Structure formats: structure tokens, C-alpha cells
Amino acid sequence: MDLKFNTSRKYISITVPSKTQAMSPHIKSIDDIVVLGINLSRFNKLTQFFICVAGVFVFYLIYGYLQELIFSVEGFKPYGWYLTLVQFAFYSIFGLIELQLIQDKRRRIPGKTYMIIAFLTVGTMGLSNTSLGYLNYPTQVIFKCCKLIPVMLGGVFIQGKRYNVADVSAALCMSLGLIWFTLADSTVAPNFNLTGVVLISLALCADAVIGNVQEKAMKLHNASNSEMVLYSYSIGFVYILLGLTCTSGLGPAVTFCSKDPIRTYGYAFLFSLTGYFGISFVLALIKIFGALLAVTVTTGRKAMTVVLSFIFFAKPFTFQYVWSGFLVVLGIFLNVYSKNMDKMRLPSAYDLINRVMDLRKSRTLAQTV
């Protein structure tokens, strides 16, 4: 839209660009949701839902399988940080390719903000990958489901927030589930190490912070997902490279992976590719159907990941895993319910009592007749 001012004649002329004129890609992307080259806007809501759910389950289940498969390679467990370095390199390449395919290639978010986001991303993914050298994969997934706990603790001690009964109950359920799951893991897993619990807990804290920082930066500067991926992961790659170089951890990792490049770099490439594709479908699910449904789908995916982990990889099992997992799932439901009470109206205790009484009356009447 062009505004032209003429002081001599004192008029304002407004011209609106025609459909053939080039417009900002951000304006075009409001109605069009494109994932992996597929324009989901052309399909109806039901088809969009099944495409997104299929993408989330397929890519993230493969992602989880490959992550555990890499660490099942004999001798690879000490090289979790090197795997993160390779993963960041692939993510940067994927982000650069995607950014070249869109019209607007300008960097919108300041470099200082990206340095903070990159540091948090390194903490989240690096510590998470490294923890698999000490923990069973199901235990790591259960911990990652409980991001609410550090978020609530930070809100109480830093911002002085107050939470409702549903939020507190959710945190208690998750905490008890985590404790129970960890105790079961320490009992039946011969290679259990408390270091893994510390690493995944620190990764959880970084993950709780990074989501808020990314969301605020993208909304404030109207940045694209590909820009966020490219700059945050490329800067994070430099962080990890410097860290591994200073700690002399780069040479042994390169030497080990070069002995079997197909099982290391090949798995790492597929691992990174499926993770990159999976997050694209999660973002599409949030944009079309909202965060409530997206959380439900991703929670189901995590539960399926835990089940498949016990099926495909031999590890000790106890039913204590099942009950503690149910506690965590209950905590997730309570958290989602507390944020969507207007959409999810559960019956009160008074309503339940009335329903039971009505049911008994109908049964008595049926027996009398």
C-alpha cells in the first residue's frame, strides 16, 4: 500500500497492489501452511489432522529409535556431546536449505538473542543426549515429559506466581511418577548412574526456559522457523566445537566414529533428518488445531516411544514402570486441564453423586417393573 502526499493540491492518494504484484511472504503464509512442500491448506480439517498426526508419530518414533540405536553401538556412550555437534551441523544445513527456498532471507532476530537461544539449545539437546550414556531411554523420555516442574518452580521463586489446585496436583503427580520411575530404574538397571538423572534434570531446566525465549523472540520480530533453526543451531555448533576442542574431546570422538562411519554418521544423519521433519509437523499441528491437541498427540507419541523401546531393545522391565508412567500421564492431563478449563469442563463431585443416584433409581425401577 502506497501513500502519496502532495502539499500543493492537498490530497492523499492510496494505491492497493494488484494480485499480480509481489507481496511479502509473511502475508502469504498467513493462510497457507506448508510442511515439507505439502500445502495443507488445500485439504479439509480432518485430512490435515491425520497428516499432521501421521507425521508426528512416524518421524518422532523413528527419531527415538535411532537415538537409542546410536547409543547401543558398543563404545559410543561417552560421545554424547559429539553426537550433538553432528546433529547441530545437520540442523544448520537443513535450516539453510529451507531458508533459501523462501523469498525473505533477512535475519530478523538480533544476534545477541540468538546467542542466548543457542546456549539454551546446547544445554537442552547436549545434556539430553549425554544422559543416555547413563540412563535407560524410557527414563529419559519420562523426565522430558515433566517440563512443568522446573517451569512452576521458576515461576514461584523468580516471579512470585501462584498456581491453582490443578497445577499443584499436576506437579505432585509428575514428581511422584519421576521418583517412582527412577527408583525402579535404579533397582532393575545394572548400569544406572545418578549422573544421568542430574544431566537430564539440567536439560529439563534449559528446555523449560528456551520455549519462552523462542516464542517471545519470534513473535516480537516476526521471524520464520527456518531462520530460528539456522542461526540458533549454527551458533550452538560453534559453542560445542569450542567446548570439545578445549576439553580434548573432539579427537577421540572423530577417531571412534571414523572406524564405523555408516553406523555413526549414517544413523546421526537419519536421526537429525527425522527430528527436523518431526518438529515441522508439530508446529503445523499447533497452528491449525492449537496447543491443547498438539500436547495430546505428542504425549501419545512419547508413550508409544517408551513401549517400542521395551519391545525393540532388550532391557529389564518391572510393572513399577507402568504405574509411575500413569502418574506422569495424569500430571500432564491435569496441567492441560488447568490451562483449558473453559474448554474441558469436568463434572463436579455433586454432579457425579446425582448421576449415581439417578442410575440406582433407574435400576430399582427396572427391577420393580
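Our structure's up above, just so we're on the same page.
Keep in mind the model is a prediction, meaning the values are calculated, not measured.

K.L.:
Explain empty space enclosed by the protein to me, and be specific about the residues and the numbers.
P.N.:
Taken as a whole and assessed by the stated rule, the structure comprises one cavity of 30 Å³ or more. If you add up the space inside the largest cavity, you get close to 50 Å³. Lining of the largest cavity is provided by Ile70, Phe76, Tyr82, Leu83, Val86, Cys257, Thr264, Tyr265 and Ala268. For the lining of the largest cavity, the elements supplying multiple residues, two or more each, are helix H3 (80-101) and helix H11 (261-289). For the lining of the largest cavity, a count of residues per class yields eight nonpolar, one polar and no charged.

K.L.:
Could you give an account of the packing of helix H2 (residues 45-71) against H3, with specific residues and numbers?
P.N.:
With their axes 11 Å apart at the nearest point, H2 and H3 run at an angle of 140° to one another. Taken together, H2 and H3 sit at an angle that is classed as oblique. Our pair here, H2 against H3, has a crossing hand that is right-handed. Each of Tyr63, Ile70 and Phe71 in H2 lies in contact with H3, whose residues at this interface are Gly80, Leu83, Gln87 and Tyr91. A breakdown of the residues in the contact of H2 with H3 according to their chemical character gives five nonpolar, two polar and no charged.

K.L.:
Residue-level account of helix H5 (residues 137-144), with values.
P.N.:
Here H5 lies mainly inside the structure; seven of its eight residues are buried. By the burial criterion, the buried members of H5 are Tyr137, Pro138, Thr139, Gln140, Val141, Ile142 and Phe143.

K.L.:
Report on the packing of aromatic side chains, specifying residues and quantitative values.
P.N.:
Within the structure shown, the criterion is met by 18 aromatic pairs. Arranged with centres 5.7 Å apart and planes meeting at 65°, the rings of Phe49 and Phe50 form a pair that is edge-to-face. You can call Phe49 partly exposed: its relative accessible area is 24%. A centroid spacing of 4.8 Å and a plane angle of 65° characterise the contact between Tyr91 and Tyr233, whose relative ring orientation is edge-to-face. With Tyr91 in helix H3 and Tyr233 in helix H9 (residues 225-246), this pair connects stretches of sequence that are 142 residues apart. Here Tyr91 matches Tyr233 in class, with each residue buried.

K.L.:
Give me the lowdown on the environment of Phe76, citing residues and values where you can.
P.N.:
In this structure, Phe76 sits in the loop between H2 and H3. On the basis of relative accessible area, Phe76 is assigned to the buried category, the value being 3%. Along the primary structure Phe76 and Cys257 are separated by 181 residues, whereas in three dimensions their C-alpha atoms are 8.4 Å apart.

What counts and what doesn't
- Residue numbers run consecutively from 1 along every chain, following the written order of its sequence.
- Only residues with pLDDT of at least 70 are given local features in this predicted model, and only at 80 or more are side-chain atom pairs given and counted; all residues enter the totals for whole chains, interfaces and linings.
- Only hydrogens and water are set aside; all other atoms, that is, all heavy atoms of the structure, feed into the side-chain values.
- With a 1 Å grid laid over protein atoms only, a set of points is called a cavity when a 1.4 Å probe fits there but cannot get out and a pocket when it is open yet has protein on both sides within 12 Å along at least five of seven lines; lining residues have an atom within 4 Å of a point.
- Grid points are joined across faces, edges and corners, and a volume is the space filled by probe spheres set on the points.
- Per the convention used, a helix needs a DSSP run of H or I reaching at least four residues, while a strand needs a run of E reaching at least two, with both numbered from the N terminus.
- Residues were grouped as follows: Ala, Val, Leu, Ile, Met, Phe, Trp, Tyr, Cys and Pro as nonpolar; Asp, Glu, Lys and Arg as charged; and all remaining residues, including Gly, as polar.
- Here the axes come from fitting lines to C-alpha atoms, over the contacting stretch only for helices, and the angles between their N-to-C directions go from 0 to 180 degrees.
- Should an angle lie under 35 degrees it is considered roughly parallel, over 145 roughly antiparallel, and from 65 to 115 roughly perpendicular; all remaining angles are considered oblique.
- Note: crossing handedness is left-handed where the near helix turns anticlockwise from the far helix by less than a right angle, and right-handed where it turns clockwise.
- Between two residues, a contact is recorded if the distance between any of their heavy atoms is within 4.5 Å.
- Each residue's exposure class comes from its accessible area (1.4 Å probe, protein chains only) as a fraction of the maximum for that residue type: buried when under 20%, exposed when over 50%, partly exposed otherwise.
- Aromatic contacts are taken between Phe, Tyr and Trp rings whose centres are within 6.5 Å, Trp giving its six-membered ring; a plane angle under 30 degrees counts as stacked, one over 60 as edge-to-face, and the others as tilted.

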